[in-house]
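As a plain string of letters, each chain reads:
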Amino acid sequence: MQKEDCFYLGKIVKKHSFKGEVVVKLDTDEPELYKNLESVFVNLGNNLVPFFIEKSSLSRGVMLRVKFEDVDSEQDAEAILRSEIYLPLALLPKLTGNKFYYHEVIGFTVIDTVYGVVGEIKNVNDTSAQPLFEVNKGDKEVFIPMIDDFINKIDRENKVVEMTTPEGLIGLYLD
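J.: What should I look at first to understand unusual backbone geometry in this one?
T.: For residues besides glycine, phi is generally negative; the peptide bonds are generally trans as well. With phi around 65 degrees, N46 is a residue other than glycine that occupies positive phi space. Structurally, N46 can be placed in the loop between strand 3 (39–44) and strand 4 (47–59). One non-glycine residue, D70, lies in the positive phi region at around 65 degrees. With respect to the secondary-structure elements, D70 resides in the loop between strand 5 (63–68) and helix 1 (74–80).

J.: Can you help me understand the pairing of strand 12 (residues 160–163) in this one?
T.: Strand residues, when the strand is regular, have side chains that alternate between the two faces of the sheet. Here strand 7 (residues 109–112) runs beside strand 12; their pairing, made up of four bridges, is parallel. In the sheet register, T109 faces strand 12, and the bridge partner there is V160. Turn length for the strand 11 (residues 151–155)-strand 12 hairpin, with the two strands adjacent in sequence and antiparallel, is four residues, and the turn residue K159 shows positive phi of about 55 degrees.

J.: Please explain the layout of surface pockets as it appears in this structure.
T.: A probe matching the size of a water molecule, rolled over the atoms, marks out where space remains unfilled. Of the pockets and cavities examined, the largest pocket occupies roughly 1100 Å³. Around the largest pocket, the lining comprises 27 residues; the ones closest to its centre are D29, L95, F100, Y101 and Y102. Contributing elements (two or more residues each) for the lining of the largest pocket: strand 1 (6–15) and strand 8 (116–125). Looking at side-chain class alone, the lining of the largest pocket contains 16 nonpolar, four polar and seven charged residues. Here the second largest pocket defines a volume of roughly 150 Å³. The wall of the second largest pocket is formed by D112, V114, Y115, T164, T165, P166, E167, G168, L169, I170, G171 and D175. Sorting elements by how many residues they give to the lining of the second largest pocket places helix 2 (residues 169–174) first, with three residues.

J.: Which parts of the structure should I look at to understand empty space enclosed by the protein?
T.: This model, assessed by the stated rule, comprises one cavity of 30 Å³ or more. The space that makes up the largest cavity amounts to roughly 40 Å³. In terms of lining residues, the largest cavity is bounded by L9, V24, L26, V40, I53, L64, V66, F68 and I85. Only strand 2 (22–26) and strand 5 provide two or more residues apiece to the lining of the largest cavity.

Calculation rules
Residues numbered from 1 in each chain as written. Predicted model: local features only at pLDDT ≥ 70, side-chain atom pairs only at ≥ 80, totals over all residues. Heavy atoms only, no water. Helix = DSSP H or I, 4+ residues; strand = E, 2+ residues; numbered from the N terminus. Pairing = 2+ DSSP bridges. 1 Å grid on protein atoms, 1.4 Å probe; cavity = no way out; pocket = protein on both sides within 12 Å on 5 of 7 lines; lining within 4 Å. Points joined across faces, edges and corners; volume = space filled by probe spheres on them. Nonpolar A, V, L, I, M, F, W, Y, C, P; charged D, E, K, R; others polar.

Written out as C-alpha cells, the structure reads:
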C-alpha cells in the first residue's frame, strides 16, 4: 500500500500497558467510526506496514486504546511509538453537500460568483490558522481562504467549487 492511496488517521502517542497496548490519537471529528477496525497501516521507516488489531476501545474523545497482534511487550510498543497510522482512502466515509475532504477537491475548478472562473485547485494549505485553497490561474497563484460562508456549492459531478469571495480578494492576486 502506498501513502498516496491512504489517509492519515492518527499517531501512536504513548504506551498503555506492559502487555504492548498503545494509545493512538485520532485525527478525526468522528472517532466512533474507527473504534472497531480490523487493521491499520503503520508508517515504519517510510513503509506502510499492516498491523492487525486484537482489540481496541475509545477513551477520552479522540484517543483509541489498541492492542495489536504480535505487539506483546513494552519493547514491542516502544518500537512503534510516535508512528503515524493510515487507512486506505476507500474507507473514508462519503461526504455530501458542501462537506469535503481536502484531497477530494484537488483538480476542481473554482468559480466565483462575481469574478467567474478563477482556476484549478492545485493544493489545500492547512499549515496556517485558516486553511487555504491554492488555485492556479495561468502562471499566477491565488490563495482563497476555505471559509464556509465563501463556499456556495461543491459540485462533485462537474468538479467545481462555487464560491462568493469578498470583493477584491481575487483581484489582489491577478491585477
